[in-house]
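# Reading the structure
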Amino acid sequence: MPSTESGRQRWLIAASLVLALALTVMPLPQFLQVARPDWMALVIAYWAIFAPTRIPLWLITLAGLCLDTMYGTPLGLHALALLIMSYPALKWHLRLRVFSWAQLAATIAGLVLLYEFVLLWANGVTQLSMRGIDYWLPIVTSAIAWPLVLYILDAVVARDDT
Amino acid sequence: MATPGSETRTALPALGLRTAAFAIGCIVMMVVDYRGNSLDLVRRTLAAAMNPIQVAVSLPVRLADWGEQSTRSRADLERENNALKVERLRTRAELQRFNALEAENERLRAMLNASARVADDYSMAEIMAVDANPYRHSIRLNKGIRRGVSTGQALVDANGVVGQVLEATDFNAMAILITDPDHATPVQVARNGLRTIADGTGELDRLELSYLPNSADIEVGDLLVTSGLGGTFPPGYPVAEVVKLERRPDLPFATVSARPVAKLDRIREVVLIRRDLPVTSDTVEPEDPTNAEH
């Protein structure tokens, strides 16, 4: 029984990552593009907190490399940001699980801030120009989008468990 | 504590160490990828795997397009067809004159012992309805290496220069527009041949000529065409029109803004210019100012 269950969850994780990639490139109106939530970061944070054994580091790295090919950034940039972001989530997943709804959203905002900060730093190193205050907008929109991710993935996982 | 917690704690030994190892791996990969193209195979493999996602994402827009196309009335189509016929006749008439001019140009060049211009080869590509980095003016084309697209190819639309291919992968390609803040287009003023560089600004309707002295002979309304320097853009394609000009004696350079003539916010398909042979030697400079830094 446990083997089939974990197998199904593995498929679920893969599907959620592919969906996150699709949402990352989904066409949006120009003014909304800068406010796009970091879907991949949210999905990986979810699995890191609620199923840390099922999301190995190599999978996080692979997801980051996929983002890099989509964005045309140097390979490893988004992977590095995702790894650094998921470290606290993996490390303290037990504490995070007992957080309240709002506390968790605030923590997620902090994680996305870390993610964006690593991206900004690495972009600076490779001289890609990113400027303006709206660069930090995805942190806010990610925190807003987080309950949605939480609700959907929780619902799917719960249905899967029964 | 629930059972999954204790289970995970034993299943993940030395998490910090492993994260550090992966992070260092990523940094090494970034440096290697940034310095050269030895990771091309990895990138191309991943890009090929990503292609279905991109195609799927752009599908709704394509379906909407198709729906719009297939539900148009006969009268509409007839009207469009007529307009296109008139347009075609006019362009063909212009082309006749152009052919004669080209032949004359060739003869004169032969007399001057200058090398002949290379004929350009054109192919079409559609723009996929896919967004990526909001901080780049980039577009994704639905053709890749398999269909003959290569990195560095110039893109034009019916009116003027659009951009260049930044990265071609197997099934699609990413191109940056001339308005990308990291892009610079070598141009010259069509009226007098004054050469300069048009920098992207990050706004779709504005380019900047940053390196023109106050005394430069340039006026509002001047057409800027590609100069062919740098080798990426073939010479003679219209790029932008000067719309604003400010000469301030206290500044070393004039502030010149130009509006791209290509309809960058409305393009659906682009024409790729392929040049199989190197550009004529008298137009190539060692420095390549068109290389987008990334």
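Residues numbered from 1 in each chain as written. Chains lettered and ligands numbered in written order. Predicted model: local features only at pLDDT ≥ 70, side-chain atom pairs only at ≥ 80, totals over all residues.

### Comments concerning the overall build of chain A
Rules: Only runs of H or I of at least four residues qualify as helices and only runs of E of at least two qualify as strands under DSSP, and these elements are numbered from the N terminus. In this description, a residue-residue contact is defined by the distance between C-beta atoms placed from the backbone, which must lie within 7 Å.
When helices and strands are tallied, chain A shows 8 helices and 0 strands. The N-to-C order of helical and strand elements in chain A reads α-α-α-α-α-α-α-α. Once local pairs closer than 6 in sequence are excluded, the contacts in chain A between residues at least 24 apart make up 67%.

### What about the overall build of chain B?
Counted only if it meets this: Partly exposed residues are those whose C-beta has more than 12 but fewer than 20 other C-beta atoms within 10 Å; 20 or more makes a residue buried and 12 or fewer makes it exposed, with C-beta atoms placed from the backbone.
What chain B contains, in helices and strands, is 4 helices and 12 strands. Taken over 294 residues, chain B has a buried fraction of 30%.

### Overview of the packing of helix H3 (residues 39–50) of chain A against helix H5 (residues 77–91) of chain A
All names here are of chain A. We apply this condition: In this description, a line fitted to the C-alpha atoms serves as the axis of each element, helices being fitted only across the stretch in contact, and the angle between N-to-C directions of two axes falls anywhere from 0 to 180 degrees. Angle categories: roughly parallel below 35 degrees, roughly antiparallel above 145, roughly perpendicular from 65 to 115, and oblique for all the rest. Each helix crossing is assigned a hand: it is left-handed if the near helix lies turned anticlockwise from the far helix by less than a right angle, otherwise right-handed if that turn is clockwise. Gly is placed with the polar residues, together with every amino acid not listed as nonpolar (Ala, Val, Leu, Ile, Met, Phe, Trp, Tyr, Cys and Pro) or charged (Asp, Glu, Lys and Arg).
Contact geometry for H3 and H5: axes closest at 9 Å, N-to-C directions at 30 degrees. One way to sum up the angle between H3 and H5 is to call them roughly parallel. Handedness of the H3/H5 crossing: right-handed. Where H3 abuts H5, its residues Met-40, Ala-41, Ile-44, Ala-45, Ala-48 and Ile-49 lie against Leu-82, Met-85, Ser-86, Ala-89 and Leu-90. Of the residues belonging to the contact of H3 with H5, the class tally is 10 nonpolar, 1 polar and no charged.

### Let's talk about the interface of chain B and chain A
With 42 residues of chain B at the contact, the number on the chain A side is 38 residues. Mapped by element, the contributors of at least two residues to the side of chain B that touches chain A are helix H1 (3–11), helix H2 (15–35), helix H3 (40–70) and strand E4 (161–168) of chain B. Per-class residue counts for the side of chain B that touches chain A are 28 nonpolar, 7 polar and 7 charged.

### Points about the confidence of the model for chain A
Put simply, the rule reads: The predictor's confidence in any single residue is recorded as pLDDT, a number from 0 to 100.
The predicted model of chain A has a mean per-residue pLDDT of 85, with 90% of residues at 70 or higher. Looking over chain A, one finds the lowest element-wise mean pLDDT in helix H2 (residues 30–33) of chain A, namely 78, and the highest in H3 of chain A, namely 93.

### Observations regarding the environment of Val-156 of chain B
Residue and element names in this part refer to chain B. Locating Val-156 in the fold gives a position in strand E3 (residues 154–156). Val-156 sits 115 residues away from Val-271 along the chain, and the two C-alpha atoms are 5.3 Å apart. Setting aside anything within four residues of it in sequence, one finds Val-156 in contact with Val-161, Val-162, Tyr-237, Ala-262, Val-270, Val-271 and Ile-273.

### Considerations on the sheet that holds strand E1 (residues 121–128) of chain B
Residue and element names in this part refer to chain B. Under the convention used in this document: Two strands form a pair only when DSSP identifies at least two bridges running between them.
Ordered in space as E1-E2-E5-E4-E3-E12, the 6 strands form a closed barrel in which the pairing is antiparallel. The sheet shows a mean angle of 45 degrees between the axes of neighbouring strands, direction not considered. In the sheet, E4 pairs with strand E5 (residues 173–177) via 5 bridges, with the strands oriented antiparallel. The residue bridging Ala-168 from the neighbouring strand is Ala-173, located in E5.

### Quick look at the sheet that holds strand E8 (residues 207–209) of chain B
Residues and elements named next belong to chain B. Read around the closed barrel, the 6 strands follow the order E6-E7-E8-E11-E10-E9; overall the barrel is antiparallel. Looking at each pair of strands side by side, their axes are set apart by 40 degrees on average, direction ignored. Sheet topology places strand E6 (residues 184–189) next to strand E9 (residues 223–226); 3 bridges connect them, and they run antiparallel. If you follow Val-189 over to E9, its bridge partner there is Leu-224.

### Notes on the packing of helix H4 (residues 57–71) of chain A against H3 of chain B
At a minimum axis distance of 9 Å, the contact between H4 of chain A and H3 of chain B shows a crossing angle of 85 degrees. Looking at the two axes, H4 of chain A sits roughly perpendicular to H3 of chain B. Taken together, the residues of H3 of chain B that come into contact with H4 of chain A (itself represented by Leu-65, Cys-66, Thr-69 and Met-70 of chain A) are Arg-43, Leu-46, Ala-47 and Met-50 of chain B. Tallied by class, residues from the contact of H4 of chain A with H3 of chain B come to 6 nonpolar, 1 polar and 1 charged.

### Notes on the environment of Ile-27 of chain B
Tracing the backbone through its elements, the reader meets Ile-27 of chain B in helix H2. For Ile-27 of chain B, a count of 16 C-beta atoms within 10 Å translates into the label partly exposed. Between the alpha carbons of Ile-27 of chain B and Met-128 of chain B there is a distance of 31 Å; along the sequence they are 101 residues apart. Setting aside its immediate chain neighbours within four residues, Ile-27 of chain B contacts Gly-76 and Leu-80 of chain A.

### Here we look at the nonpolar core
The cut-off we apply is this: Nonpolar core, as used here: buried Ala, Val, Leu, Ile, Met, Phe, Trp, Tyr and Cys residues forming one set through C-beta atoms within 7 Å.
Among the nonpolar cores identified, the biggest contains 101 residues, and Ile-44, Leu-82 and Leu-83 of chain A are the most heavily contacted of them. Residues within four places of Leu-82 of chain A in sequence aside, it is in contact with Met-40, Ala-41, Ile-44, Ile-60, Ala-63, Gly-64 and Tyr-115 of chain A.

### Concerning the pairing of E4 of chain B
Across a regular strand the side chains alternate sides, sitting on one face of the sheet and then on the other. Residue and element names in this part refer to chain B. Burial of E4 is extensive: 8 of the 8 residues sit out of reach of the surface. Pairing between E3 and E4: 3 bridges, direction antiparallel. Within the sheet, the bridge partner assigned to Val-156 lies in E4 and is Val-161. With antiparallel pairing between neighbouring strands as the criterion, E3 and E4 make up a hairpin whose turn holds 4 residues. Hairpin connection from E4 to E5: 4 residues lie between these consecutive antiparallel strands.

### A word on the confidence of the model for chain B
Residues and elements named next belong to chain B. The share of residues in chain B with pLDDT of 70 or more is 87%, and the mean pLDDT across the chain is 83. Segment residues 1–8 is flagged for pLDDT under 50; beyond a separation of four residues in sequence, or across chains, it makes 5 contacts in the model. This stretch, residues 277–294, has a pLDDT under 50; its non-local contacts, to residues over four places away or in other chains, come to 38 contacts.

### A word on the environment of Asn-99 of chain B
Residues and elements named next belong to chain B. On the secondary structure map, Asn-99 appears in helix H4 (residues 74–111). Residue Asn-99 is classed as exposed on the basis of its C-beta count, with 10 C-beta atoms lying within 10 Å. Linking Asn-99 and Asn-159, residues 60 residues apart in sequence, is a C-alpha distance of 19 Å.

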